[in-house]
Amino acid sequence: MLRNSILKAIPLALAGVVAVAAAAEARDQIRIVGSSTVFPFSTTVAETFGKTSGFKTPVVESTGSGGGLKLFCAGVGVQHPDITNASRRIKKSEVETCAKNGVADVVEVKIGFDGIVIGNDKGAASFNVTKQQLFLALAAEVPVDGKIVKNPYNNWSDIDKSLPNQPIEVLGPPPTSGTRDAFVELAMRPGAKSFKMLADMRKADKKGFRKISDSMREDGKFIEAGENDNLIVQKLQANPNAMGIFGFSFLDQNSDKIKGASVAGVQPTFDNIAAGEYGISRSLYFYVKTAHIGVVPGIEEYVAEFTAEKAIGDEGYLTDKGLIPLPAADREKYRSAAANKTNLTM
């Protein structure tokens, strides 16, 4: 009889252990990962939300856009992030990974625009570069005399006499970064395409073209400086010869220390980016896991704070951090999509 009682008690005891474990795993704090560019905006919203909403301040981690989407798409459950920030749009392959791992319903929110800046120390030489010159400075292989060769350029002035006579040394983000993806798409590929032989290759062999346009040099002229744009800013101050690639918001917040290069004669300013005149600019996003709404408290309320006019509007508090607002109609579109939990469509 005693043996039977013990056997009957075991399942109950195990159930109790599972219940305790589940309770231990439950979260009452939103977890956000993703883009280092969106990080300052997301952090500002999180801090405002924590002070004014009655919910705990969300935890925001800077993992890079690609790294954030990998974590976000890994599955549903409190061990996975609720929201991921991205300085590029989610890729079709990432949507497929999400679906494969049970993350079937995702809300997409576009929050505004950002420029990608090529900057240097405030006291260093001023630059005015074209996308072609950026490609020639940074690509692993470039066209010379009708042939594709290993990049031979050591100084900026080797590319064009109008550029400063100083070594090419550019600190930039790693491949996991949305800033890197956007820089390649918006600067490197157009720069490569400006050469007829590469434009012809793009039509005949897109994969071959991308190998040339997207591959950064590995001879010390381009240096992967990690996901932390603030660290790049610090390194530029320590080395006046170095240039850095980072989001406009970091230029805006550090304008007393660094300056941005003109691209094709256009300065990276708030107004020029908003008007579409600055040639290297992109949209910024965050993605919400619908399955976590109602499970982790405060997600809907956080999203409402982030999409409110007081945050992302023309006079919103995020403009002080360098966010360039969307047109009013687009802000309303994404605000409505978020409120209605509209599923992402590609």
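Residues numbered from 1 in each chain as written. Predicted model: local features only at pLDDT ≥ 70, side-chain atom pairs only at ≥ 80, totals over all residues. Heavy atoms only, no water.

On average, the chain scores 90 in pLDDT, and the residues at 70 or more come to 92%. Note on residues 1-24: pLDDT under 50 across the span, and zero contacts to partners over four residues away in sequence or across chains. (pLDDT = per-residue confidence, 0-100. Contact = heavy atoms within 4.5 Å.)

Turning next to the pattern of salt bridges. Per the stated rule, a full pass over the model turns up 18 salt bridges. Salt-bridge contacts for Asp28 lead to Lys56; the nearest nitrogen and oxygen are separated by 3.2 Å. Highlighted residues: Asp28 in the loop between α1 (2-25) and β1 (31-34) and Lys56 in the loop between α2 (39-52) and β2 (59-60), separated in sequence by 28 residues. Among the ionic contacts, a cluster of salt bridges with common partners joins Glu309, Asp314, Arg331, Glu332 and Arg335. (Salt bridge = Lys/Arg side-chain N within 4 Å of Asp/Glu carboxyl O. Helix = DSSP H or I, 4+ residues; strand = E, 2+ residues; numbered from the N terminus.)

Okay, the state of the cysteines next. Should the sulfur atoms of two cysteines be covalently bonded, the bond is a disulfide. In the structure shown here, the tally under the stated rule is one disulfide. Through a disulfide, Cys73 is tied to Cys98; the S-S separation comes to 2.0 Å. Across the S-S bond of Cys73 and Cys98 the torsion is about -70°, and the bridge reads as left-handed. Of this pair, Cys73 sits in the loop between α3 (65-72) and β3 (83-86) while Cys98 sits in helix α4 (residues 92-100); the two residues are 25 residues apart in sequence, bridging distant segments of the chain. Judged by its relative accessible area of 1%, Cys73 falls in the buried class. By relative accessible area, which is 2% here, Cys98 ends up buried. (Disulfide = S-S within 2.5 Å. Buried < 20%, exposed > 50% of the residue type's maximum accessible area, 1.4 Å probe, protein only.)

Quick look at unusual backbone geometry now. Even without being glycine, Asp145 reaches a positive phi, approximately 50°. Looking at the element boundaries, Asp145 is found in the loop between β6 (141-144) and β7 (147-150). Phi at Ala264 is positive, roughly 55°, even though this residue is not glycine.

With 49 residues, the main nonpolar core has Ile118, Phe135, Leu138, Trp156 and Phe183 as its most contacted residues. If you tally residues by element for this core, the top one is helix α7 (residues 178-193), at six residues. The residues contacting Phe135, other than those within four sequence positions of it, are Glu141, Val142, Pro143, Met188, Gly191, Ala192, Phe195, Leu198, Ile212 and Ser213. Membership of the second largest hydrophobic core comes to 28 residues, among which are Ile30, Ile32, Ile83 and Val288. (Core = buried A, V, L, I, M, F, W, Y, C linked by side-chain atoms within 4.5 Å.)

In an α-helix, one turn spans 3.6 residues, which is why side chains three or four residues apart end up on the same side. All of the buried residues along helix α9 (residues 206-214) are Gly208, Phe209, Ile212 and Ser213. One face of α9 carries all of its buried residues, which in axial projection span an arc of 125°. Of the residues in α9, the exposed ones pointing more than 90 degrees away from the buried face are Lys207 and Lys211. Considering only its buried residues, α9 is in contact with α5 (131-138), β6, β7, α7 and α8 (196-204). (Arc of directions from axis to C-beta.)

This part is about a positive patch on the surface. Taken together, Lys193, Arg202, Lys203, Lys206 and Arg210 make up a surface patch of like positive charges. Contributions of two or more residues to the positive patch are made by α8 and α9. Structurally, the position occupied by Arg210 is in helix α9. With relative accessibility at 31%, the residue Arg210 sits in the partly exposed group. (Patch = residues over 30% accessible without salt bridge, like charges linked within 9 Å, V, L, I, M, F, W, Y side chains within 5 Å. Areas by Shrake-Rupley, 256 points an atom, 1.4 Å probe, with all protein chains shown as cover. Lys, Arg positive; Asp, Glu negative; His and termini not counted. Charge placed at Lys NZ, Arg CZ, Asp CG, Glu CD.)

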